[in-house]
Each structure stands twice: as C-alpha cells, then as structure tokens.
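# An overview of the molecular structure
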Amino acid sequence: LFKSCDTFWWTKKTHTPMATLRPTNKVSTNHKACIHHIAHDYYGKRVATCSSDKSIKVFEKDDEGNWHPICQSFGFPGHRAAIWKVDWAHPEFGQVLASCSDDRTVIIWKEKEMGGTGQQGSDKMQYVLAAKLTDFTKGVSSIAFGPSHLGLQIASACNDGKVRIHQGRATDLSKWDLKSEFEPEGSGIGAYVTCLSWRQNRAEKPMLVVGCWRATAAPDLNGTRPVSSSVTVWALHAERWAQVAKLDIESVGKGVGSEVRDVDWAPCMGRPNYFIAAAVGSTVQVWRLDPTRLQVSAGHVEKPTSVLSAQSDALPSVNMAFWRVSWNLTGTSLAASAENGQVKMWKLDFQGNLKQHLSLEPQA
C-alpha cells in the first residue's frame, strides 16, 4: 500500500527476487490536498486517510476486494489545520480512531451507526468527536495507541519537544487524563519530536522509541538544512519514563537533510533481539538491540546494524528522502516509502541481515 497526493494503491505480492511491481488497485479519496498518512485497522478491512485539507476519510473493503467510503469525510471543524496522522485503537475498545494536527490538538473519534436499515455506501456510518486533547503548546506531529494490555493509552509527539501519554477510559471515551510526559534527548526549544513507536510486548515493561531533530544552521544555497537528529529508547520504570538507550545515526550524504521522519519497532515474535527502523534523510537505518542491555542506569549508545539507501532507479546518482517505515506483523520484512513515490522492501535472512527483494513503482 502506498499513496500520492489524493489517491492510494495496492499491489500484489510476488516471490520473484528484486521484482518491480506496479499498482493493481487504485482508490480515489477525493482529498483536496496532500494525503499525509494512511492507517489500516486491526483486521485490515478498513483504511483511514488524513490530509492537509483538514479532513479524514474511512474506506472499507468488500467481498470482491474493492474499497468504498463508509462515511462522509470528517475532521473539520474539530481540526482547524493540517492533519498529520491517524491511528486505530485495538478493537477491544470498539471502532475508535485518533488524529493529530498542526492545530495543537489530538482528537479521539468513535464510530456511530446511522439510523435506518437501508443506508448504503458513505451513509452507513459516521465518526463523531468523543474527546479533544489540548495539553500541547505546538503542533502534534505523531500519535500511536499503546499495546492493548496497557489499557486505552495514546502517546503523542509534539513540536514543543515533548512526548505525552494520555490514559482513557474504555467505558467513557470523553474522559482522558495526562498520565505522563517526558522530553527526549536532543529536543527542547527549537526541536521537533516527529515520530514514535511502542514496543508491542505484553511480557515486559512498556517501552517507546522516539525520533526528533533540530535545525543547527540556516539552509544552504540548495535549500538543504543542516540538522541534528536523535533516536532514543525509553522505558517506564517506577511510574516514570527514563531513557535506556541512544541509537547512533550515521551521517547522510550531501544534498539531503538528515531529519528523522519516522520510526517503527518490529514485533518480537520470539527473537532474542529487538529491531528498530528509522527513516533518516535518504537512508533507512536499522538497529538490533540486546534486551539485557536496555537498563535504566545504562543509557548506552547503539550503532546501526544496517543503513539502506533510497537512490532513484531513474537517476542513480540522486538520493531520495524516505518518509515512512513499517515492519510486517512478524517483524521479518521492512517497507519504506520515498519522496519520489517508490516503496522499497527488505527481508531479513537467516543471519538477521536485510536484503532488498521488492520495489513498488507509483502509477503515473
């Protein structure tokens, strides 16, 4: 699945090594501006999109594999600026969706069935505002619901340099409390906390990986901004969040900024190590972490085990910036989307090394 300005596509999987695929299914969203994020629900049957046009749209897959809107677009006037990200809660809490915006808010939406039995298409459902979280002093760039065993929790990355965790009540979605907040290393005044991801493991204490960056000088003649980026790992210890590791970032080649735009913590699935991926400028950087070293008192530095590039196939000398990274459900495949519309995919081999095996090309 990947997106462009106002459409998104699906491709079919192939087992051919280093295959290049083109879309097999195209869905027009009718967004009036750029789509910033797409999120599947838990079962993969619904997709939510958000855009700079201040709207959110939800689509559902029918028995033939076609996607149709199930509600009218929503978002405004709840949000009054660009909506950066959407995320679905675990289905045990119902059909609950969250969104974050440049208007300094996070909104929790809940599904409501329309009256009558003959409703079809975009009149089947509607999403109504259940709660608006306003504990932010700048725009909110990323959100993520926590693992379901922690209850109804949502973490938010804000451009005021802080990460906040709110606790909700499954029986009353209008009630949310600010449970904790912390300031990642490298954030503060002038910094942007851009992304975060939970570790999905109910057997161990809650952990988050957080990415942030700050500009260190004015842009050069090519428009490239020198920036200082950081990716850090945090754990909840004695009801407080503490940094347990700093993930070292390899320098990015000239001509592309090194902003951290996205992070994703791979599902563990019984492996002895953790894998974390980050989109950093024109590279995807991957770290393999030993759980025994993630101690609150340590805060050690980890070097990346893989640095993957995004050179354009048409212009091999041109580096393209990555915007999103995502692991599959077993943590064995990694996908990353670049600003030229391509999606690159890598697979872990038996030695734990990532090998590129797929490239998805956008439709003209």
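Refer to the structure above for everything that follows.
All figures in this text were calculated on a predicted structure; none of them were measured in a lab.

Here is what the cut-offs are and how they apply
- Residues numbered from 1 in each chain as written.
- Predicted model: local features only at pLDDT ≥ 70, side-chain atom pairs only at ≥ 80, totals over all residues.
- Heavy atoms only, no water.
- Helix = DSSP H or I, 4+ residues; strand = E, 2+ residues; numbered from the N terminus.
- Buried < 20%, exposed > 50% of the residue type's maximum accessible area, 1.4 Å probe, protein only.
- Contact = heavy atoms within 4.5 Å.
- Areas by Shrake-Rupley, 256 points an atom, 1.4 Å probe, with all protein chains shown as cover.
- Pairing = 2+ DSSP bridges.
- Disulfide = S-S within 2.5 Å.
- Phe/Tyr/Trp six-rings, centres within 6.5 Å; stacked < 30°, edge-to-face > 60°.
- Lys NZ or Arg CZ within 6 Å of the ring centre and 35° of its normal.
- Core = buried A, V, L, I, M, F, W, Y, C linked by side-chain atoms within 4.5 Å.
- 1 Å grid on protein atoms, 1.4 Å probe; cavity = no way out; pocket = protein on both sides within 12 Å on 5 of 7 lines; lining within 4 Å.
- Points joined across faces, edges and corners; volume = space filled by probe spheres on them.
- Nonpolar A, V, L, I, M, F, W, Y, C, P; charged D, E, K, R; others polar.

Below, the discussion takes up the overall build of the chain. Scanning the chain from N- to C-terminus turns up zero helices and 29 strands. In the chain, buried positions account for 52% of the 364 residues. Taking all contacts inside the chain whose residues are at least 6 apart in sequence as the whole, residues at least 24 apart take part in 49%. Accessible area of the chain: about 16,900 Å², with a carbon and sulfur share of 49%.

Let us now look at the pairing of strand S11 (residues 106–113). Two elements, strand S10 (residues 96–101) and S11, share five bridges in a ladder whose sense is antiparallel. Residue pairing in the sheet places Ala98 in a bridge with Ile108 of S11. Here S11 runs beside strand S12 (residues 125–133); their pairing, made up of eight bridges, is antiparallel. Paired with Glu113 across the two strands is Met125, which belongs to S12.

This model, assessed by the stated rule, comprises zero disulfides. Cysteine Cys100 remains unbridged, with the sulfur of Cys50 as its closest cysteine sulfur at 7.2 Å. Free of any disulfide, Cys212 has its nearest neighbouring cysteine sulfur in Cys195, separated by 8.4 Å.

Attention now goes to the packing of aromatic side chains. Both the distance between ring centres and the angle between the ring planes are used here to describe each pair of aromatic rings. Under the counting rule described, the total for this entry stands at eleven aromatic pairs. Between Trp265 and Tyr274, the aromatic rings sit 5.6 Å apart at their centres with planes inclined by 65 degrees, giving edge-to-face as the arrangement. Both residues of the pair, Trp265 and Tyr274, belong to the buried class. Taken together, the ring pairs in this structure connect Phe74, Trp88, Trp109 and Tyr127 into an aromatic cluster. For Arg261, the ring lying beneath its charged end belongs to Trp323, and the centroid distance is 4.3 Å.

To continue, consider the nonpolar core. Counting 21 residues, the largest nonpolar core has Val209, Val231, Val233, Leu247, Ile276, Trp287 and Leu289 as its most contacted members. Contributions of two or more residues to this core are made by strand S18 (207–215), strand S19 (227–237), strand S20 (240–247), strand S21 (260–265), strand S22 (274–280) and strand S23 (283–289). At four residues, S22 tops the list of elements feeding residues into this core. In this structure, Ala130, Leu133, Val140 and Ile154 belong to the second largest nonpolar core, which totals 19 residues.

Now for the pairing of strand S28 (residues 343–348). With respect to burial, S28 is a largely interior element, five of its six residues being buried. Both strand S27 (residues 333–338) and S28 contribute to a ladder of five bridges, which runs antiparallel. Residue pairing across strands places Ala336 opposite Lys344, the latter belonging to S28. Count of turn residues in the S27/S28 antiparallel hairpin: four residues, of which Gly341 carries a positive phi of about 95 degrees. Connecting S28 to the antiparallel partner strand S29 (residues 354–360) that follows it, the hairpin turn spans five residues, and Gly352 within it adopts a positive phi of roughly 85 degrees.

Next up on the list: empty space enclosed by the protein. Applying the stated rule across the entire model yields one cavity of 30 Å³ or more. Computed from the structure, the largest cavity encloses a volume of approximately 50 Å³. Across the lining of the largest cavity, the residue classes break down as six nonpolar, two polar and one charged.

Here we come to unusual backbone geometry. That bond from Phe76 to Pro77 is cis: its omega, 10 degrees, falls within 30 degrees of zero. Counting through the fold element by element, Pro77 comes out in the loop between strand S8 (67–69) and strand S9 (83–88). Phi angles above zero are rare outside glycine, and Asn30 is one such case at about 65 degrees. By the element assignment, Asn30 lies in the loop between strand S4 (25–28) and strand S5 (35–40).

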